[in-house]
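# Summary of the model geometry
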Number of protein chains: 2
Amino acid sequence: PDRHAIASARARQAQLTKPAGSLGRLEEIAIFLAGWQGRERPEIARARAAIFAGNHGVTVHGISAFPSEVTVQMVRNFQAGGAAINALATAAGLELHVEALDLDQPTSDFTAAPAMSEAECLSALSRGAAAVDPGLDLLAVGEMGIGNSTVAAALCARSLGGSAAHWTGPGTGVDDAGIARKIAVIEKALAFHANAPMTPFETLRRVGGREIVAIAGAIIAARHAGIPVVLDGFISCSAIAPVAAAFPAITEHCIAGHRSAEPGHIRLLDRLCLRPLLDLDMRLGEGSGAAVAVTVIRSALAAHNGMATFAEAGVSGA
Amino acid sequence: PDRHAIASARARQAQLTKPAGSLGRLEEIAIFLAGWQGRERPEIARARAAIFAGNHGVTVHGISAFPSEVTVQMVRNFQAGGAAINALATAAGLELHVEALDLDQPTSDFTAAPAMSEAECLSALSRGAAAVDPGLDLLAVGEMGIGNSTVAAALCARSLGGSAAHWTGPGTGVDDAGIARKIAVIEKALAFHANAPMTPFETLRRVGGREIVAIAGAIIAARHAGIPVVLDGFISCSAIAPVAAAFPAITEHCIAGHRSAEPGHIRLLDRLCLRPLLDLDMRLGEGSGAAVAVTVIRSALAAHNGMATFAEAGVSGA
């Protein structure tokens, strides 16, 4: 980030007609975006919700409340404009970019093989990176993939430690027996891959999934382009966990859009040193929580850029 | 609220293409607004931020970080478009209604007299009620008045019980000595008015202030008109505390827009049985937190009204 722009934005905040600090996180966000956009008055002229979809071989173990066909059905719903993210992206002024990654080729069942070959994993990373248009002022990421809360929990457990149970929750809504199945599947996967190298790439390749790897690629590409990122829920955030385990600074350009109701999410955010902006009991994915957060981020910039200073308004200071 | 509209909205939510309940509080808000607007698909075509300003005799005791002149200066700032609420109301699609209540006539110092005469208190109630246009789909309330966090704490202590210290915080930013002065002033006021009738009107009149009484009038008028209200911070919420102490159902048409950083606010929200939508460390007043909340409320309605059902989208259910 641009230290000079941060200092300028902070100085501007101190002159605006309000008690110092009284806009709380709205001030933080404006200053954060100033740093990443490199200007005292950051703007969101063009922002994108990039939503990635993938299918997972591990669903053969009955780990989701929904059948795998729902992934492609929901992608069609995104394309037809009928999903939550369509409505929420429009409300937040986000262009929607939907990337379906080889839905007819689920990953391998990672309890018995790496989920992806090296070429497949690289391809997913590249497709995620390609979704990051350098002209964007802000990127929100999201996902769709039946079974992927199990994948997310496996990624967290392998890269950050902690038991499978620590990272496992109901996802879209499985019952206690379903949670027990998820935990058993993750434990089996962790054991199967225990002796493989603990690099970010190998963890993503072995226990990840295409849409999640694509999100990792998008977050890294946004960092290279200096574009701030709004993260969504547990699954989106799990994409960066293997990278953050090795390079904690990788999330410095990221805002945690919200705290999901999925119990692993707040644990993951704590490990990533990210404080969620919203806490609305959402647990949908699709970038839905990130999109709602963007409306708050826009409010933060509206105040930062639009308010008068004490001198301009003729208001006495404290 | 309209029970039939609530049932219809709830049934609609269950058919939208998402796991049941996965939009969390966005679903609750859409159903809540359906009830108060009396239609399955509530809308916000016209929403207003009504901001009331008043001056307080109790400021003679040195209880604020800012001089009293700032109240009128900030009202001019509202009128000129330079304040936080101007930017945040525009970002939230709110029309701004600013009502300055006799700023050249501060209330009496309530440590030694009632803050207002009966006629003055009635006038403030009426002016608040008059700000509620019956054509509104939603009303957000806010305030400006140097010294009014002391007034709010006095209202809470007198109507809900608890010590002056329990309800007192730094407001716009006084130090520990300032907080001690606020507490002493409130204790003196509580003792002075101890034998007066404990009716909502008498509490508002004796230890309230014009802008706060106007907010009470606006909330009550909105209830009569069936218009849902978005509350702001500690001071806005304190306006309804004397009424809620006698008639707890008075806040049923209210959404707590946010949790302010002022420590008394979450205590007051707990007593009012309201759960805040946002928690952004804001403590500005002016309706600023309510305005940001409206952006989230708009997202809730966008999803509720804009999403396809499972049947429409051809998506398999759980």
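Keep in mind that this is a model prediction, so the values were computed, not measured.

Each value, and the rule that gives it
Residues numbered from 1 in each chain as written. Chains lettered and ligands numbered in written order. Predicted model: local features only at pLDDT ≥ 70, side-chain atom pairs only at ≥ 80, totals over all residues. Heavy atoms only, no water. Helix = DSSP H or I, 4+ residues; strand = E, 2+ residues; numbered from the N terminus. Buried < 20%, exposed > 50% of the residue type's maximum accessible area, 1.4 Å probe, protein only. Lys, Arg positive; Asp, Glu negative; His and termini not counted. Salt bridge = Lys/Arg side-chain N within 4 Å of Asp/Glu carboxyl O. Polar contact = N/O pair within 3.5 Å; in protein donor to acceptor, adjacent residues only side chain to side chain. Contact = heavy atoms within 4.5 Å. Pairing = 2+ DSSP bridges. Axes fitted to C-alpha atoms, helices over the stretch in contact; angles between N-to-C directions. Least-squares fit on C-alpha atoms with pLDDT ≥ 70 in both. Core = buried A, V, L, I, M, F, W, Y, C linked by side-chain atoms within 4.5 Å. Buried area = accessible area lost by both parts, 1.4 Å probe.

## Things to note about the side chain of B:Glu286
Mapped onto the elements of the fold, B:Glu286 is located in the loop between helix 13 (263-271) and helix 14 (288-306). For the buried residue B:Glu286, which engages in no salt bridge, the nearest side chain bearing the opposite charge is A:Lys18, 9.8 Å off. Of the polar contacts made by the side chain of B:Glu286, one reaches the backbone nitrogen of B:Ile85; its length is 3.2 Å. When near neighbours in sequence (up to four residues on either side) are disregarded, B:Glu286 contacts A:Thr17, B:Ile51, B:Met74, B:Phe78, B:Ala83, B:Ala84, B:Ile85, B:Gly142, B:Glu143 and B:Asp232.

## Side note on the sheet that holds strand 1 (residues 47-53) of chain A
Pairing between the strands of a sheet comes from backbone hydrogen bonds, and it takes one of two forms, parallel or antiparallel. Residues and elements named next belong to chain A. Taken together, the 5 strands give an open sheet; going across it, the order is 2-1-3-4-5, and neighbouring strands pair in parallel fashion. Edge positions in the open sheet fall to strand 2 (95-100) and strand 5 (254-256), since each of these has one partner strand only. Shown here is a sheet whose adjacent strand axes are inclined to one another by a mean of 25°, direction ignored. Pairing analysis gives 6 bridges linking strand 1 to strand 2, with the strands arranged parallel. Counted as the bridge partner of Ile-51 is Val-98 from strand 2.

## Some points on the relation of the copies chain B and chain A
The operation relating the two chain copies consists of a rotation about an axis and a shift along that axis. When chain B is fitted to chain A, the best match, at an RMSD of 0.0 Å, comes from turning it 180° and sliding it 0.0 Å along the axis. When the rotation and shift are considered jointly, the pair of chain copies conforms to a two-fold rotation axis. Of all interface residues in chain B, 100% are interface residues in chain A too; the two copies therefore contact each other through one and the same surface.

## What about the nonpolar core?
If you look at the biggest cluster of nonpolar residues, it comprises 96 residues, and the most contacted ones within it are A:Leu23, A:Leu26, B:Leu23 and B:Leu26. Beyond its immediate chain neighbours, meaning those up to four positions away, B:Leu23 contacts A:Ala84, A:Leu88, A:Leu280, A:Met282, A:Leu284, A:Ser288, B:Lys18, B:Ala303 and B:Met307.

## Concerning the sheet that holds strand 1 (residues 47-53) of chain B
Residues and elements named next belong to chain B. Ordered in space as 2-1-3-4-5, the 5 strands form an open sheet in which the pairing is parallel. Among the strands making up the open sheet, the edge pair consists of strand 2 (95-100) and strand 5 (254-256). Across the sheet, the axes of successive neighbouring strands diverge by a mean angle of 25°, strand direction being ignored. Pairing of strand 1 with strand 3 (residues 138-144) involves 7 bridges; the strand directions are parallel. Residue pairing in the sheet places Ala-49 in a bridge with Ala-140 of strand 3. Helix 3 (residues 69-80) rests against strand 1, strand 2 and strand 3 of the sheet, and its axis sits at about 140° to strand 3.

## Considering the pairing of strand 3 (residues 138-144) of chain A
All names here are of chain A. The element strand 3 is extensively covered by neighbouring structure, given that 7 of its 7 residues are classed as buried. Burial along strand 3 is two-sided: Leu-138, Ala-140, Gly-142 and Met-144 and Leu-139, Val-141 and Glu-143, pointing in opposite directions, are all buried. Of the pairings in the sheet, the one linking strand 3 to strand 4 (residues 229-231) comprises 2 bridges and is parallel in character. Opposite Ala-140, over in strand 4, you have Val-230 as the bridge partner.

## Section: the interface of chain B and chain A
Taken residue by residue, the interface counts 52 residues in chain B and 52 residues in chain A. Between chain B and chain A, a total of about 3900 Å² is buried, with carbon and sulfur atoms accounting for 65% of that surface. By the criterion of area lost to chain A, the three top residues of chain B are B:Pro19, B:Phe66 and B:Leu280, representing 13% of everything that side buries. There are 2 salt bridges connecting chain B and chain A. Measuring nitrogen to oxygen at the nearest pair gives 3.1 Å for the salt bridge that ties B:Asp281 to A:Arg275. Scanning the region where chain B abuts chain A turns up 16 residue pairs in polar contact (both at pLDDT 80 or more). Among the elements that make up the side of chain B that touches chain A, the one with the highest residue count is helix 14 of chain B (8 residues).

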